[in-house]
Amino acid sequence: MSLLFVLMTREKQQADGAADDEIYDFDFKKEDFEEFMKSVNENSCRWGDTFVIKTAVETSPHACPGQNCKRKTISGCRCSSYTDSEGKIHHYCGGHPYCPVNHTKLTVKLYTVKDYYGKDYPEIYNFTDNEKTRYEASKAIIQGLLEYWEDNE
């Protein structure tokens, strides 16, 4: 919430041509959080990076997950059989396991933007000094509210 508060304040200040030291009051809406979080397939929002970053890496060729990943039939092979209702035996190739070694592997990881870049939020979003102060103050207020509600449940 603190990040979103600072980013929404920045956006409003820029739209109004206001100074960096002005503060706005926001009624956060579900849509604001949805925009900041986006879906797991979108790594950016109107404020820059989303809070959660998704990476997807496909590697190929990749080792076979099991040697019986595919089966092939061999012409002339009679390794399997069945007996029909008249008692006649029919031979056929039942298939043989093999691996074509053309597997791909998709590795998907989700990170917070902080873990992805290995930096603190104010650095990632290029906070000014006033924005850093606003961020820390709003974090402290939110933490105080959470502790108050925990103690009074």
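Just so it is clear, the model here is predicted, and its values are computed rather than measured.

## Points about the overall build of the protein chain
Phase 1: Per the secondary structure count, the protein chain includes five helices and eight strands.
Phase 2: Reading the secondary structure of the protein chain in the N-to-C direction produces α-α-β-β-β-β-β-β-β-β-α-α-α.
Phase 3: In summary, the protein chain has a C-alpha radius of gyration of 30 Å against a globular reference of 15 Å for 153 residues, an excess of more than 25%.
Phase 4: Within the protein chain, the proportion of its 153 residues that are buried is 22%.
Phase 5: If you take every contact in the protein chain between residues at least 6 apart in sequence, the share linking residues at least 24 apart comes to 57%.
Phase 6: Summed over all atoms, the accessible surface of the protein chain reaches about 10900 Å², with 49% contributed by carbon and sulfur.

## Some remarks on the pairing of strand S5 (residues 80-83)
Phase 1: Note: S5 against strand S6 (residues 89-92), four bridges, orientation antiparallel. Residue pairing for S6: Ser81 is matched across the bridge by His91.
Phase 2: Counting the residues between successive antiparallel strands, the hairpin from S5 to S6 contains five residues, one of them, Gly87, with a positive phi of roughly 90°.

## What about the nonpolar core?
Phase 1: Ranked by internal contacts, the top residues of the largest apolar core, which has 18 residues, are Leu3, Phe36, Trp47, Tyr121, Tyr125 and Phe127.
Phase 2: Elements with a contribution of two residues or more to this core: helix H1 (2-16) and helix H4 (121-124).
Phase 3: In terms of residue count, H1 provides more of this core than any other element does, six residues in total.
Phase 4: Excluding residues within four positions of it along the chain, Phe36 makes contact with Leu3, Leu4, Leu7, Cys45, Trp47, Asp49, Thr50, Phe51 and Tyr125.

About the criteria used
- Residues numbered from 1 in each chain as written.
- Predicted model: local features only at pLDDT ≥ 70, side-chain atom pairs only at ≥ 80, totals over all residues.
- Heavy atoms only, no water.
- Helix = DSSP H or I, 4+ residues; strand = E, 2+ residues; numbered from the N terminus.
- Rg over C-alpha atoms; globule rule 2.2 N^0.38 Å.
- Buried < 20%, exposed > 50% of the residue type's maximum accessible area, 1.4 Å probe, protein only.
- Contact = heavy atoms within 4.5 Å.
- Areas by Shrake-Rupley, 256 points an atom, 1.4 Å probe, with all protein chains shown as cover.
- Pairing = 2+ DSSP bridges.
- Core = buried A, V, L, I, M, F, W, Y, C linked by side-chain atoms within 4.5 Å.

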